[in-house]
Amino acid sequence: MPSIDYINFEELLGLIARHTSLAGRFMVAICGPPGSGKSTIAGLLVARLGHCAKVVPMDGFHLDNRQLKNLDLLHRKGAPETFDAFGFLELVKDIRRTENLSFPVFDRDADQTIMDADNLGPEHKIIIIEGNYLLLKKYPWSDLKDEFDLSVCLEVSDIELEKRLTDRWIAHGLDPISASARALSNDMTNVRYVKKHSILPDYIVAQI
């Protein structure tokens, strides 16, 4: 089994910063299981890289709750089959070939996708794409890997992930018992799926 290099945040930042002057776009995948800190590290990278960088989150491609109810998948929201994977793949391809384009984002408080909520312009040369399933082996997710110039996985223990995910549900108004049950019944199932069914990244960032 090939070895994967572990790097810290500053080393990752240095790897990406070398490409800020490229003529085209440099696509960075920040992946990892739910609760691993993808949004946090993506935001920190953009804050350090400046206006040339932009985050594009996979979560903007959650299927609508009404559609999930019709598919009997609402209880599994966050699983691979509850996303518009083909739509997300098309957006990632469009980032390569289109300077100006809009993309959806997910509003956690409202629990819904907001269409065309953000946009990319010609000034955005470093694109930080973050999500759970960016390196998934399952089609059509598996077609994403060829679009990325650099892939990074965040490594966090299951014990820490369970704690973070439980705390997340508490922050959304659930009592501790309900929050723990929600984290264990769905979120941790997705955690195990990501860890088992993803291809190896270029680098791993451990416990940020």
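Treat the numbers as computed from the prediction; the structure is a model and nothing was measured. (Residues numbered from 1 in each chain as written. Predicted model: local features only at pLDDT ≥ 70, side-chain atom pairs only at ≥ 80, totals over all residues. Heavy atoms only, no water.)

**Student:** Help me out: how do you make sense of helix H5 (residues 158-171) in this one?
**Tutor:** Each α-helix turn comprises 3.6 residues. Residues three or four places apart therefore point the same way. In a regular helix each residue adds 1.5 Å, so 14 residues correspond to 20 Å; H5 covers 20 Å between its end C-alpha atoms and thus fits that length. Those residues of H5 not exposed but buried are Leu161, Leu165 and Thr166. Along H5, the residues classed as buried sweep out an arc of 130° about the axis, all on the same side. Relative to its buried face, H5 has exposed residues pointing more than 90 degrees away, namely Ile159 and Ala171. (Helix = DSSP H or I, 4+ residues; strand = E, 2+ residues; numbered from the N terminus. Expected span 1.5 Å × (residues − 1). Buried < 20%, exposed > 50% of the residue type's maximum accessible area, 1.4 Å probe, protein only. Arc of directions from axis to C-beta.)

**Student:** Which parts of the structure should I look at to understand the sheet that holds strand E6 (residues 126-131)?
**Tutor:** Read across the sheet, 6 strands follow the order E1-E8-E7-E2-E6-E3 without closing on themselves; strand pairing throughout is parallel. For this open sheet the edge positions go to strand E1 (5-6) and strand E3 (53-57), each flanked by a neighbour on one side alone. Across 2 bridges, E1 lies against strand E8 (residues 203-206) in parallel orientation. Across the sheet, residue Tyr6 finds its bridge partner in E8, namely Ile204. On the sheet, helix H2 (residues 38-49) packs against strand E2 (26-31), E3, E6, strand E7 (150-155) and E8 and is oriented at approximately 170° with respect to E6. (Pairing = 2+ DSSP bridges. Contact = heavy atoms within 4.5 Å. Axes fitted to C-alpha atoms, helices over the stretch in contact; angles between N-to-C directions.)

Scope: geometric values only; no functional claims are made or implied.
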